[in-house]
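Now for the letters of each chain:
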Amino acid sequence: MKDTYLDLMSGPLGKVAKSLGLPQPVELQRFGSTPESYLRKPVLVLGSGPGAQRIADLLLDNDFEVRRHAAAGESLRAIIAVLDDVTTPEGLSETVLGVGQALRSLAKCGRVVTISTAPNPSEQDPALAATTQGLTGFTRSLAHEMRKGATANGILLGSGVPVDAPSVIAALWFLLSGKSAYVDGQFITVGDAAGTAVTDAEFLSTGQAGPLAGRTAVVTGAARGIGAEVARVLARDGAHLIGVDMPQAGQALAQVMNAVGGKSLQLDITADGAADAIAEAAGGRVDILVHNAGITRDKLLANMDASRWESVIAVNIASQARINARLFEQGRFAEGAQVVSLASTSGIAGNRGQTNYATSKAGVIGLTAASAGDFAALGGTANAVAPGFIETDMTAAMPALTRQVARRLSSLQQGGLPVDVAETIAFLASASARGINGQTLRVCGQNMVGA
Ligand code: NAD
């Protein structure tokens, strides 16, 4: 569904909105449509430890223009603050105030990325715990202050993970690129040094020898919406696609699969034998599985009937658990298999009228965290994405006023597009992201409802 307000803000009415203090969303620069002039702008790397220098060197090696000090009047593509060496709250001042001073130089749709040590619940050093946890508050608050489509996100280093671990670099490339246009106020925790080094093809997604080449990806609910876009992006990155959807959606599914050179599997994922049918369609081995199919059957709990409750649980969570278990049992997950599941911000914050849906989506977050160990044993990963308001048929069904309000209630003041979710899934399904496991990454423009 078209966001007419966003279109109007791109014209002369944008100035009127500013004077009236109305929301002023800007069109986001997404991967593929980002102008060269923006990509050539310098990146400022702040921080006084060896980690900051290592990141600056890596950026230089990859043909970025790099600055270690802000120069007056120079427009910046990104500010990266490397704070992994800071151990006391007082030690944060120099770098974070440096970020503040450089903010006015940040280009439209620019990026701030903080790189710091992940808070550790069993940390014994109170000052260190205060520093690492404190920084999460810093990055989240800064994201709320960003303007003109710019975002702020953090990369958190697990115990013993160096700043140049493959998944740290993969996460940094993702956050600097237009692929993360709608990811804002979030953290990507790199738990270990697993993962292959990011290649140029991966960073640039040139198509040929793409990062997912030679891998078979199964996407459920691929006939439309987010699933159809996930199929397109994974195919762009080189994967061979198997699209799954209900028999009623067979025609739409065939169209999507024809466009990406993939194979259709008409299947209700709640059916007995769904996992076996998926394994067979994938030629016996699944490399990538995107549990995307999902439904809503909204009602206040007082009016909830059994069929609404049970159908949402069956499609959105029970089928995912059952399919994973069966594929494991039959040895159908390939070495290094990567699963990405669709959660939702409703599963994090809760949502009126969605007790069934929020239960299922919070369930996805739990299932993902609990599955990490089994996938790690295969050299793979299980992660989830939690979209906020995304422009699809699902959200087009919302009442018009609710839809307008929902769009503005994020730091980016607009809904996301299916491609924003798809790019995040492609990143989490890539071999370079194998150091990221058991996590849920929000793609919500820093949605301000609930948590
Ligand atoms: P959509 O309704 O447009 O598409 C869902 C697809 O899943 C449809 O093609 C449908 O036929 C298929 N499907 C439903 N039940 C199935 C079953 N039993 N077996 C096989 N296929 C089935 O939805 P969407 O907006 O593209 O959402 C995709 C996923 O993202 C869902 O899991 C949804 O909960 C989640 N999500 C969406 C949003 C959003 O704003 N659109 C936000 C948060 C989470």
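Here's a quick rundown of the structure. Quantities reported herein were computed from a predicted structural model and do not represent experimental measurements.

Quick look at the site of the ligand now. Among the 27 residues in the neighbourhood of the ligand, the closest are listed as Arg 224, Asp 245, Asn 292, Tyr 357 and Thr 392. In the model, an oxygen atom of the ligand is placed 2.6 Å from a nitrogen or oxygen of the Asp 245 side chain. A distance of 2.7 Å separates an oxygen atom of the ligand from a polar side-chain atom of Thr 392. When the ligand is considered free in solution it has 830 Å² of accessible area, and contact with the protein chains removes 93% of it. Those elements that provide at least two residues to the shell around the ligand are helix H9 (225-236), helix H14 (355-377) and helix H15 (393-396). The residue makeup of the shell around the ligand, split by class, is 15 nonpolar, eight polar and four charged.

We now examine the sheet that holds strand S5 (residues 151-157). Read from one edge to the other, the open sheet built from six strands follows the order S2-S1-S3-S4-S5-S6, with strand pairing classed as parallel. Each edge of the open sheet carries a strand with a single partner, namely strand S2 (66-67) and strand S6 (187-190). Bridge analysis of strand S3 (residues 76-82) against strand S4 (residues 106-117) gives six bridges, and the strand direction is parallel. From the neighbouring strand, Ile 80 faces S4, where its bridge partner is Val 113. In the packing of helix H5 (residues 93-102) onto the sheet, the strands contacted are strand S1 (43-46), S3 and S4, and the crossing angle to S3 comes to about 170 degrees. Against the sheet, helix H7 (residues 166-176) makes contact with S3, S4, S5 and S6, and its axis sits at roughly 175 degrees relative to S5, the strand it touches most.

Looking now at empty space enclosed by the protein. All chains considered together, the criterion is met by three cavities of 30 Å³ or more. Size it by volume and the second largest cavity reaches roughly 40 Å³. What lines the second largest cavity is Gln 320, Asn 324, Val 339, Ser 341, Leu 367, Thr 368, Ser 371, Ala 382 and Asn 383. When contributions to the lining of the second largest cavity are tallied by element, the ones reaching two or more residues are helix H12 (306-329), strand S11 (333-342), H14 and strand S12 (381-387). Split by residue class, the lining of the second largest cavity holds three nonpolar, six polar and no charged.

Applying the stated criterion across every chain, the model contains twelve salt bridges. Here Asp 393 makes a salt bridge to Arg 224, at a shortest N to O gap of 3.5 Å. On the criterion of sequence distance, the pair formed by Asp 393 in helix H15 and Arg 224 in the loop between strand S7 (216-220) and H9 is long-range, its members being 169 residues apart. Given a relative accessible area of 45%, Asp 393 falls into the partly exposed group. In this structure, Glu 329 and Arg 326 form a salt bridge, with 2.9 Å as the shortest nitrogen-oxygen distance. Here Glu 329 pairs with Arg 326, and both are found in helix H12, just three residues apart, close to one helical turn. Its relative accessible area of 57% is what places Glu 329 among the exposed residues. Assessed through its relative accessible area of 28%, Arg 326 is described here as partly exposed. Three or more residues joined by partner-sharing salt bridges are found here, namely Glu 65, Arg 67 and Glu 74.

We now examine the packing of aromatic side chains. Per the counting criterion, the structure on display carries five aromatic pairs. Judged by centre distance (5.0 Å) and plane angle (70 degrees), the rings of Phe 333 and Phe 375 are edge-to-face. Of this pair, Phe 333 sits in strand S11 while Phe 375 sits in helix H14, and the two are 42 residues apart along the sequence. For Phe 375, a relative accessible area of 1% gives the class buried. Cluster of aromatic residues (ring-pair linked, three or more members): Phe 328, Phe 333 and Phe 375. The aromatic ring of Phe 31 is capped on one face by Lys 179, whose charged end is 4.6 Å from the ring centroid.

Running from N to C, H9 and helix H10 (residues 250-260) cross one another at 15 degrees; their axes reach a closest spacing of 9 Å. Between H9 and H10, the angle falls in the class roughly parallel. Crossing geometry of H9 relative to H10 is assigned as right-handed. Residues Ala 228, Ala 231, Arg 232 and Ala 235 of H9 pack against Val 256, Met 257 and Val 260 of H10. The residue inventory of the contact of H9 with H10, partitioned by class, reads six nonpolar, no polar and one charged.

Calculation criteria
- Residues numbered from 1 in each chain as written.
- Predicted model: local features only at pLDDT ≥ 70, side-chain atom pairs only at ≥ 80, totals over all residues.
- Heavy atoms only, no water.
- Near = heavy atom within 4 Å.
- Polar contact = N/O pair within 3.5 Å; in protein donor to acceptor, adjacent residues only side chain to side chain.
- Areas by Shrake-Rupley, 256 points an atom, 1.4 Å probe, with all protein chains shown as cover.
- Helix = DSSP H or I, 4+ residues; strand = E, 2+ residues; numbered from the N terminus.
- Nonpolar A, V, L, I, M, F, W, Y, C, P; charged D, E, K, R; others polar.
- Pairing = 2+ DSSP bridges.
- Contact = heavy atoms within 4.5 Å.
- Axes fitted to C-alpha atoms, helices over the stretch in contact; angles between N-to-C directions.
- 1 Å grid on protein atoms, 1.4 Å probe; cavity = no way out; pocket = protein on both sides within 12 Å on 5 of 7 lines; lining within 4 Å.
- Points joined across faces, edges and corners; volume = space filled by probe spheres on them.
- Salt bridge = Lys/Arg side-chain N within 4 Å of Asp/Glu carboxyl O.
- Buried < 20%, exposed > 50% of the residue type's maximum accessible area, 1.4 Å probe, protein only.
- Phe/Tyr/Trp six-rings, centres within 6.5 Å; stacked < 30°, edge-to-face > 60°.
- Lys NZ or Arg CZ within 6 Å of the ring centre and 35° of its normal.
- Parallel < 35°, antiparallel > 145°, perpendicular 65-115°, else oblique.
- Left-handed = near helix turned anticlockwise from the far one by under 90°.

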